[in-house]
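As a plain string of letters, each chain reads:
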Amino acid sequence: MVKKPRGECPGASACGHSPHTSEETPVYDHRRLGRELDLFDTDPLIGAGLPYWLPDGATVRHTLEEYIRGAERRAGYRHVYSPVLGKRELYEISGHWSHYSDDMFPPMDLGGEQVVLRPSLCPHHAVIYRSRAHSYRELPLRMAELGGMYRSELSGVLGGLTRVRAIQLNDAHIFCTLDQVADEARAALEMIRRAYRALGIEASRHRLSLPGPGGKYVAAPEKWSRATALLRDVLDRSGLPYEAAEGEAAFYGPKIDIQVTDAAGRESTLSTVQVDFHQPERFDLHYIGADGARHRPVMIHRSIIGSVERAVAHLIERHGGAFPAWLAPTQVVVLPITEAEWPGAEEVARRCADLGLRVEIAGPERGSLGARIREARLVPYQAVLGAREAAADHVALRLRDGRRLDARPADDVLARIAALVAAHAGELWAEKDAEG
Ligand SMILES: [Zn+2]
């Protein structure tokens, strides 16, 4: 039986609760491309829904994770690490145990205690917040982690990176006052907008996800309506078109979901912003206000790219493996026309590496220049080196999109590429943006 679509903390929506119709074959199927491009694979001995990442896929993932951490650092987030296990009591307090246990792995008995693989990061972060006293001056306190979590998906619905049992979640929790919620939610939407531009992806729509009928939502009508009004106001002021959808909220609160659509037209949630009055109360969180009294903070759950697995699956399908240059596993391929240019090619490659670029040399032993260019068709920059270029310390650059630039000094070309990569630029080339 296929589980019903449902959304919870960022992780839930991030790892796949849109209807999947496995019969359809998208234009780019990330499972097929993932295998062909040596990005990731699975093995029955490891298990269904437990993909492993090959070196090129690991490079994409690592680069994506570093982009997220950098964006979060600049936005005032502090990163933490927390364990992927927790005692059953932790999830009884958070409410996951009573509202969400169908999606959790069975607990492990350990010396009279029960330990579970965590279904979300929120309870750990609430406990970390609670471990220290906080003044109103520290708020908003933004806590981020790219951390592991687990979901007991049935094997029948597993596939590639979109439905997995072990999830790496781009998660963050902002502890703030009620007055700060709108600004923080707006700032999160802006981070999401920038990330999508850098990643070359588009939101298909924004959704205000509300509770539906049934007992899977915590009962607190007044809190639901306050949180919903806050998010609705943020969306109204943002000018973004959105639709309200009942039955898509997390069990503890409403959320803004940013939906993306794959090549086959299937929609899924990548990013979320949620307002939560429930968990701060369950964990008895507080801060000391200007009045010296204890006050309850609000908790905003937000994810820029959702789960790393789902984000990379979407990027593979969106770009057909031709990732934005800053994400590409290999960014520059150096193509010496003959053996004679090999030393020059090594020198160009060394300078690329010094600039932090990921580079490979594809020499004549790999076939004709045309064949090597075809083989490197997903590499954004192809630096061709003939006798004339090698003698002048020039390279003739070909771009992945077919554009060819006249031969010019190698240092100039490499500096421009490095500047575009550092800026997470969407375009492959810009004459005036990079310094000459
Ligand atoms: Zn959360």
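Residues numbered from 1 in each chain as written. Predicted model: local features only at pLDDT ≥ 70, side-chain atom pairs only at ≥ 80, totals over all residues. Heavy atoms only, no water.

Chemist: Before we go on, may I ask you to explain unusual backbone geometry in this structure?
Modeler: Trans peptide bonds make up the majority, and among non-glycine residues the majority have a negative phi. Of note, the bond from Leu139 into Pro140 is cis; its omega dihedral lies within 30 degrees of zero at -5 degrees. Positionally, Pro140 belongs in the loop between helix H6 (122-130) and strand E7 (141-150). Positive phi values are uncommon outside glycine, yet Asp38 reaches one of about 55 degrees. With a relative accessible area of 46%, Asp38 lands in the partly exposed category. For His424, which is not glycine, the phi torsion reads 50 degrees and is therefore positive. Within the secondary structure layout, His424 lies in the segment after helix H14 (410-422). Among the residues examined, His424 registers a relative accessible area of 26% and is labelled partly exposed. (Helix = DSSP H or I, 4+ residues; strand = E, 2+ residues; numbered from the N terminus. Buried < 20%, exposed > 50% of the residue type's maximum accessible area, 1.4 Å probe, protein only.)

Chemist: Would you mind showing me how to read the pattern of salt bridges here?
Modeler: Note that side chains of opposite charge can pair when their charged atoms are close. Inspection of the entire model under this criterion finds 34 salt bridges. Of the charged contacts, one joins Arg194 and Glu190 as a salt bridge, the two residues approaching to 3.2 Å between their closest N and O atoms. Here the residue Arg194 and the residue Glu190 both occupy positions in helix H7 (residues 181-199), the gap between them amounting to four residues, near one helical turn. Judged by its relative accessible area of 49%, Arg194 is partly exposed. Of the residues examined, Glu190 reaches a relative accessible area of 29% and is grouped as partly exposed. A salt bridge links Glu347 to Arg350; the shortest N-O distance between them is 2.9 Å. Separated by three residues within a single helix, Glu347 and Arg350 lie in helix H11 (residues 342-354), roughly one turn from each other. Put simply, Glu347, Arg350, Arg351, Asp354, Asp393 and Asp411 are held in one network by salt bridges that share partners. (Salt bridge = Lys/Arg side-chain N within 4 Å of Asp/Glu carboxyl O.)

Chemist: Hey, could you run me through the sheet that holds strand E10 (residues 242-246) in this one?
Modeler: Within a sheet, each strand pairs with its neighbour through backbone hydrogen bonds, oriented either parallel or antiparallel. Ordered in space as E3-E7-E8-E15-E12-E11-E9-E10, the eight strands form an open sheet in which the pairing is mixed. Every interior strand has two partners, whereas the edge strands, strand E3 (78-79) and E10, have only one. Looking at chain direction, strand E9 (residues 205-210) and strand E11 (residues 255-261) are connected through five bridges and run antiparallel. Each bridged residue has a counterpart across the sheet, and for Leu208 the counterpart in E11 is Ile256. Running at roughly 145 degrees to strand E12 (residues 267-276), helix H10 (residues 308-319) makes contact with E7, strand E8 (166-176), E11 and E12 of the sheet. (Pairing = 2+ DSSP bridges. Contact = heavy atoms within 4.5 Å. Axes fitted to C-alpha atoms, helices over the stretch in contact; angles between N-to-C directions.)

Chemist: Looking at this structure, I do not really get the environment of Val348. What am I missing?
Modeler: Mapping Val348 onto the fold places it in helix H11. Overall, Val348 belongs to the buried group, its relative accessible area being 2%. Remark: the alpha-carbon pair of Val348 and Ala376, spanning 28 residues in sequence, is separated by 17 Å. Discounting chain neighbours no more than four positions away, the residues touching Val348 are Val334, Leu385, Val395 and Leu414.

Chemist: How should the sheet that holds strand E4 (residues 85-87) be read in this particular structure?
Modeler: On the basis of which strands lie adjacent, the open sheet formed by three strands has the order E4-E6-E5 and antiparallel pairing. Bordering the open sheet on either side are E4 and strand E5 (108-110), each of which pairs with just one other strand. Adjacent strand axes in the sheet meet at a mean angle of 35 degrees, parallel and antiparallel pairs treated alike. Relative to strand E6 (residues 113-117), E4 runs antiparallel, the two being bridged by three bridges. Counted as the bridge partner of Lys87 is Val115 from E6.

Chemist: When you look at the nonpolar core in this model, what are you seeing that I'm missing?
Modeler: As a rule of thumb, soluble globular proteins bury nonpolar side chains together. Grouped together as the largest cluster of nonpolar side chains are 81 residues, with contacts concentrated most on Tyr381, Leu397, Ile417 and Trp429. A total of eleven residues in this core trace back to one element, the largest contributor, which is H7. Look past the residues within four positions of Leu397 in its chain and what remains in contact with it is Tyr381, Gln382, Ala383, Arg403, Arg404, Leu405, Val413, Ile417 and Trp429. Counting 24 residues, the second largest nonpolar core, distinct from the first, contains Met104, Ala126, Trp224 and Leu285. (Core = buried A, V, L, I, M, F, W, Y, C linked by side-chain atoms within 4.5 Å.)

Chemist: When you look at H7 in this model, what are you seeing that I'm missing?
Modeler: For the α-helix, the turn length of 3.6 residues means that residues three or four positions removed from each other point alike. With 19 residues, H7 should cover 27 Å at 1.5 Å per step; its first-to-last C-alpha distance of 27 Å lies within 8% of that length. Regarding H7, the residues found buried are Val181, Ala182, Glu184, Ala185, Ala188, Leu189, Met191, Ile192, Ala195, Tyr196, Ala198 and Leu199. After H7 finishes, the residue Gly200 shows a positive phi value of roughly 70 degrees. (Expected span 1.5 Å × (residues − 1).)

Chemist: When you look at helix H3 (residues 55-74) in this model, what are you seeing that I'm missing?
Modeler: For H3, spanning 20 residues, the distance from its first C-alpha to its last is 28 Å, which sits close to the expected 28 Å at 1.5 Å a residue. The complete set of buried residues in H3 reads Gly57, Val60, Arg61, Thr63, Leu64, Glu65, Tyr67, Ile68, Arg69, Gly70, Ala71 and Glu72. Two residues or fewer after H3 comes Gly76, characterised by a positive phi angle close to 90 degrees.

Chemist: Before we go on, may I ask you to explain the packing of H7 against helix H8 (residues 221-238) in this structure?
Modeler: Where H7 contacts H8, the axes come no closer than 10 Å and their chain directions differ by 50 degrees. Classified by the angle between their axes, H7 and H8 sit oblique to one another. Between H7 and H8 lies a crossing of right-handed hand. Facing H7, whose interface residues are Val181, Ala182, Ala185, Arg186 and Leu189, H8 presents Leu230, Val234 and Arg237. Taken together, the residues of the contact of H7 with H8 break down into six nonpolar, no polar and two charged. (Parallel < 35°, antiparallel > 145°, perpendicular 65-115°, else oblique. Left-handed = near helix turned anticlockwise from the far one by under 90°. Nonpolar A, V, L, I, M, F, W, Y, C, P; charged D, E, K, R; others polar.)

Chemist: How should the packing of aromatic side chains be read in this particular structure?
Modeler: Centre-to-centre distance and the angle between the planes together describe a pair of aromatic rings. Using the criterion set out here, one finds three aromatic pairs in the structure. Taking 4.4 Å as the distance between ring centres and 20 degrees as the angle between the ring planes, the aromatic pair formed by Tyr129 and Phe175 counts as stacked. Residue Tyr129 is located in helix H6, and its partner Phe175 is located in strand E8; the two are separated by 46 residues in the primary sequence. Consider the rings of Phe251 and Tyr252, whose centres lie 5.0 Å apart with planes at 80 degrees: the pair is edge-to-face. Taken as a pair, Phe251 and Tyr252 share a single burial class, namely buried. Positioned above the aromatic ring of Trp53 is the side chain of Arg61, whose terminal nitrogen or guanidinium carbon lies 5.0 Å from the ring centre. The lysine or arginine in question, Arg226, covers the ring of Phe277, its NZ or CZ lying 4.7 Å from the ring centre. (Phe/Tyr/Trp six-rings, centres within 6.5 Å; stacked < 30°, edge-to-face > 60°. Lys NZ or Arg CZ within 6 Å of the ring centre and 35° of its normal.)

Honestly, it's all geometry; don't read function into it.
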